[in-house]
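# Examination of the molecular architecture
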Amino acid sequence: MKLTPEQEICIRLLSEKELYHQAITFARSQEALTQDNTQCQNQLTGLLQFSRSWDELTSFVKHQRERDWQGKREVYKTFYTEIEKQLDGFIEMAKENTVLVPQGLSKKETRERATNAAAAMAGEFLQHLYAEMLQQMEGK
Amino acid sequence: MTDEQHRIKILREVALYADHPNFYDKAEKLGAAAAKGLTSKKRSQIKGLENIANSSLKTTDVFDFIKIRCARQKEWRDHDWGTDLLNYLSRDLRDQRNQICSKLGIDSNGIQGVHVQLLLIREFIRQLAAHYEYSC
């Protein structure tokens, strides 16, 4: 389902005003991950690749959250738990925005449009997160 | 006021700011720093910066580009010129955007505000690129 031009502008503004800063805050809360540059980059790259499809992204995040992370890599369980919360948050943000999800739709249509918009938001957020975390890692 | 008149007013205000000595001096300083860090061998990096600035519809795309370059290439970290550039574009030009928007009665947090900051960024990077070439 393609976004309308008005919805695209809405997502662009959200990306500029909220998602960029959310990504920076999120990155700073996950400083423990940046101790292992290679693993961290691999995880971020994976997230970006799967962000093209909402279903693939949520499946990937769920799978990674449920993995048996051992030792120092236990921090990834927390990371993916928090990413999952972010993704759920995007669904709620979309539902509260009448440009992205008009009122008066059926439950199914509401869910479809919210998912569509959340996918776009997730793509923007993960792009900002990738850049911020890469920069954080280089600072070490 | 028509849309075209409004558009011209925005362009005029951006041009006035871009003509200010502080704007020029900063572009000159960062252009020289970029030349020192990148040298003439990495001219494509400045071209890439110009391309992203001219093609993006969001200021944060430009910021992300600079962050990734700073992370991946030591030439962008030489004397922290890459970070200085990021800070100037995201903070100083944001303040200039707010001043222009206030003067023209534009919502600085709306899509037009984003457009104003993008115009400032494009003009700054254009001047930086010129100073980079001169310094190489």
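Structural data are supplied above this passage.
I will try to describe carefully the structure that is included in this document. (Residues numbered from 1 in each chain as written. Chains lettered and ligands numbered in written order. Predicted model: local features only at pLDDT ≥ 70, side-chain atom pairs only at ≥ 80, totals over all residues. Heavy atoms only, no water.)

### With respect to the interface of chain B and chain A
Taken together, the 20 residues of chain B in the interface contact 17 residues of chain A. Around 1700 Å² of area is buried between chain B and chain A when both sides are counted, 56% of it from carbon and sulfur atoms. Three residues stand out in chain B for area buried against chain A, namely B:Lys58, B:Lys67 and B:Ile111, and they jointly supply 33% of the buried area on that side. A salt bridge links B:Lys58 to A:Glu124, with the nearest nitrogen and oxygen atoms 2.9 Å apart. The tally of links between chain B and chain A comes to nine residue pairs in polar contact (both at pLDDT 80 or more). (Contact = heavy atoms within 4.5 Å. Buried area = accessible area lost by both parts, 1.4 Å probe. Salt bridge = Lys/Arg side-chain N within 4 Å of Asp/Glu carboxyl O. Polar contact = N/O pair within 3.5 Å; in protein donor to acceptor, adjacent residues only side chain to side chain.)

### Some details on the environment of B:Lys74
Mapped onto the elements of the fold, B:Lys74 is located in the loop between helix H4 (59–72) and helix H5 (81–104). Remark: the alpha-carbon pair of B:Lys74 and B:Gly37, spanning 37 residues in sequence, is separated by 8.2 Å. (Helix = DSSP H or I, 4+ residues; strand = E, 2+ residues; numbered from the N terminus.)

### Concerning the environment of A:His128
Residue position: A:His128 is located in helix H5 (residues 107–138). Taking relative accessible area as the criterion, A:His128 reaches 1% and is therefore assigned buried. Distance in space between the C-alpha atoms of A:His128 and A:Ser15 is 8.8 Å, their sequence separation being 113 residues. Apart from the residues lying within four places of it in its own chain, the contact partners of A:His128 are A:Ser15, A:Leu19, A:Tyr20, A:Ala23, B:Thr60 and B:Asp64. (Buried < 20%, exposed > 50% of the residue type's maximum accessible area, 1.4 Å probe, protein only.)

### Considerations on the nonpolar core
A:Leu47, A:Phe79, A:Ile83, A:Phe90, A:Met121 and A:Leu129 are the most contacted members of the largest nonpolar core, which totals 45 residues. Going through the elements one at a time, helix H1 (5–29), helix H2 (37–50), helix H3 (54–66), helix H4 (75–95) and H5 of chain A together with H4 of chain B are the ones with two or more residues in this core. For this core, the element with the highest residue contribution is H5(A), accounting for 15 residues. Those residues within four positions of A:Ile83 in sequence are excluded, and the remaining contacts are A:Phe26, A:Leu47, A:Val61, A:Phe125, A:Leu126 and A:Leu129. By size, the runner-up hydrophobic cluster in this structure holds 40 residues, among which are B:Phe23, B:Cys70, B:Trp81 and B:Tyr88. (Core = buried A, V, L, I, M, F, W, Y, C linked by side-chain atoms within 4.5 Å.)

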